[in-house]
Amino acid sequence: MSVAPKASASSWPMPPEGGWTADDLDRLPNLPPHTELIDGSLVFASPRTIFHERTIDFFKWQLQSLAPEELEVFREFTIDLDDQNRPEPGVVVVRADVVEDPYQTRLPAESVVLAIEAASEDSVSRDREAKPIMYARAKIPQYWRVENEKGRAAVHVFELEPTTGAYTSTGIFRERMKLDVPFPVDLDLAQIKTRRDRNQ
């Protein structure tokens, strides 16, 4: 008579009834880097692409150099939307008065003036559908989604429409991005390229 093999204990965290909360994200051990909380579920990031890394670096440093003193710019930092949603935008611009101490792990949604997501194959539906709805409900005034069009950046810009509480598109930018909100920017998007493109 053969004996059925014992089921091995899972090393993945088992969610509590009702799902994880924003506070759990700081307490759970051994989570992969860049874990997000979306609707009470843990969402793990896929491996980063070169395009994603260069996009996030570009916007972090460009916006940091242009932002007024009362604003701060962070890359891949979680924001508290509500008890079950703690996403991690690629870049986030917040009011500087909420940056409290060097051990802070998240930022309040009401402090966010701009959230930027760099869409990847595994996140494109979240970045196009789920996250804009969540960010709009949290009243984040500006949302930018950067997509990879054959190695070149296309930036989809959205602004919160106060009467409907939803985002409205204010443009798609591919080569040059010139805007007045949330502060004046004039960016050369052609700088976001693959190494091969840079040599051409």
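Keep in mind that what you see is a predicted model, and the values were worked out from it rather than measured.

1. Quick notes on the overall build of the protein chain
- Across its full length, the protein chain carries four helices and twelve strands.
- Principal axes of the C-alpha set define a box for the protein chain whose edges measure 75 × 40 × 35 Å.
- By residue count, 46% of the 200 residues in the protein chain fall in the buried class.
- Taking all contacts inside the protein chain whose residues are at least 6 apart in sequence as the whole, residues at least 24 apart take part in 52%.
- Surface exposure of the protein chain reaches about 11,700 Å², of which carbon and sulfur atoms provide 51%.

2. Some thoughts on the sheet that holds strand E10 (residues 166-173)
- Reading across the sheet, the six strands line up as E3-E5-E7-E8-E9-E10 and stay open at both edges, with mixed pairing between neighbours. Here the strands that pair on one side only, and so sit at the sheet edges, are strand E3 (71-75) and E10. Averaged over all neighbouring strand pairs, the angle between strand axes comes to 20 degrees, with direction disregarded.
- With four bridges connecting them, strand E5 (residues 91-95) and strand E7 (residues 112-118) associate as antiparallel partners. Paired with Val 91 across the strands is Ile 116, a residue of E7.
- With respect to the sheet, helix H2 (residues 50-66) is in contact with E3, E5, E7, strand E8 (142-149) and strand E9 (152-161), its orientation differing from that of E3 by roughly 165 degrees.

3. As for the pattern of salt bridges
- Applying the stated criterion across every chain, the model contains 16 salt bridges.
- Across the pair Asp 97 and Arg 95 runs a salt bridge whose closest N-O atoms are separated by 3.2 Å.
- Note that Arg 128 and Glu 147 form a salt bridge whose closest N and O atoms lie 2.8 Å from each other. Taken together, the residues Arg 128 in helix H3 (residues 124-137) and Glu 147 in strand E8 connect sequence positions 19 residues apart.
- Look at Glu 147 and you get buried, because its relative accessible area is 12%.
- Shared partners join several salt bridges into a network, and the residues in it are Asp 23, Asp 26, Asp 80, Arg 86 and Arg 106.

4. Overview of H2
- Between its first and last C-alpha atoms H2 spans 24 Å; for 17 residues at 1.5 Å apiece the expected length is 24 Å, and the two agree.
- Those residues of H2 that sit buried are Phe 51, His 52, Arg 54, Thr 55, Ile 56, Phe 58, Phe 59, Lys 60 and Leu 63.

5. Side note on unusual backbone geometry
- The omega angle of the peptide bond from Val 181 to Pro 182 is 0 degrees, so this bond is cis rather than trans.
- Residue placement: Pro 182 occurs in the loop between strand E11 (176-179) and strand E12 (185-188).
- You will see that His 34, though not glycine, has its phi angle at about 65 degrees, which is positive.
- Take His 34: it is sitting in the loop between helix H1 (24-27) and strand E1 (36-38).
- Judged by its relative accessible area of 29%, His 34 is partly exposed.

6. Digging into empty space enclosed by the protein
- For the coordinates displayed, the defined rule picks out two cavities of 30 Å³ or more.
- Considered as a void within the structure, the largest cavity measures approximately 250 Å³ in volume.
- As for the largest cavity, its lining consists of 22 residues, of which Glu 36, Ala 45, Arg 48, His 52 and Ser 123 are closest to the centre.
- Counting only elements with at least two residues in the lining of the largest cavity, the list comes to E7 and H3.
- Per-element accounting of the lining of the largest cavity gives the leading share, three residues, to H3.
- Quantified by volume, the second largest cavity comes out at close to 30 Å³.
- Along its surface, the second largest cavity is lined by Arg 152, Ala 153, Arg 174, Glu 175, Leu 189, Ala 190, Ile 192 and Lys 193.

7. A short note on the nonpolar core
- Judged by nonpolar contacts, the single largest core of 27 residues is most densely connected at Phe 59, Leu 63, Trp 144 and Met 177.
- Contributing elements (two or more residues each) for this core: H2, E3, E5, E7, E8, E9, E11 and E12.
- The biggest single contributor to this core is H2, with five residues.
- If you look at the next biggest cluster of nonpolar residues, it comprises 21 residues, including Ile 79, Val 98, Ala 115 and Ala 136.

Rules behind the numbers
Residues numbered from 1 in each chain as written. Predicted model: local features only at pLDDT ≥ 70, side-chain atom pairs only at ≥ 80, totals over all residues. Heavy atoms only, no water. Helix = DSSP H or I, 4+ residues; strand = E, 2+ residues; numbered from the N terminus. Buried < 20%, exposed > 50% of the residue type's maximum accessible area, 1.4 Å probe, protein only. Contact = heavy atoms within 4.5 Å. Areas by Shrake-Rupley, 256 points an atom, 1.4 Å probe, with all protein chains shown as cover. Pairing = 2+ DSSP bridges. Axes fitted to C-alpha atoms, helices over the stretch in contact; angles between N-to-C directions. Salt bridge = Lys/Arg side-chain N within 4 Å of Asp/Glu carboxyl O. Expected span 1.5 Å × (residues − 1). 1 Å grid on protein atoms, 1.4 Å probe; cavity = no way out; pocket = protein on both sides within 12 Å on 5 of 7 lines; lining within 4 Å. Points joined across faces, edges and corners; volume = space filled by probe spheres on them. Core = buried A, V, L, I, M, F, W, Y, C linked by side-chain atoms within 4.5 Å.

Shape is all these values report; function is a separate question.
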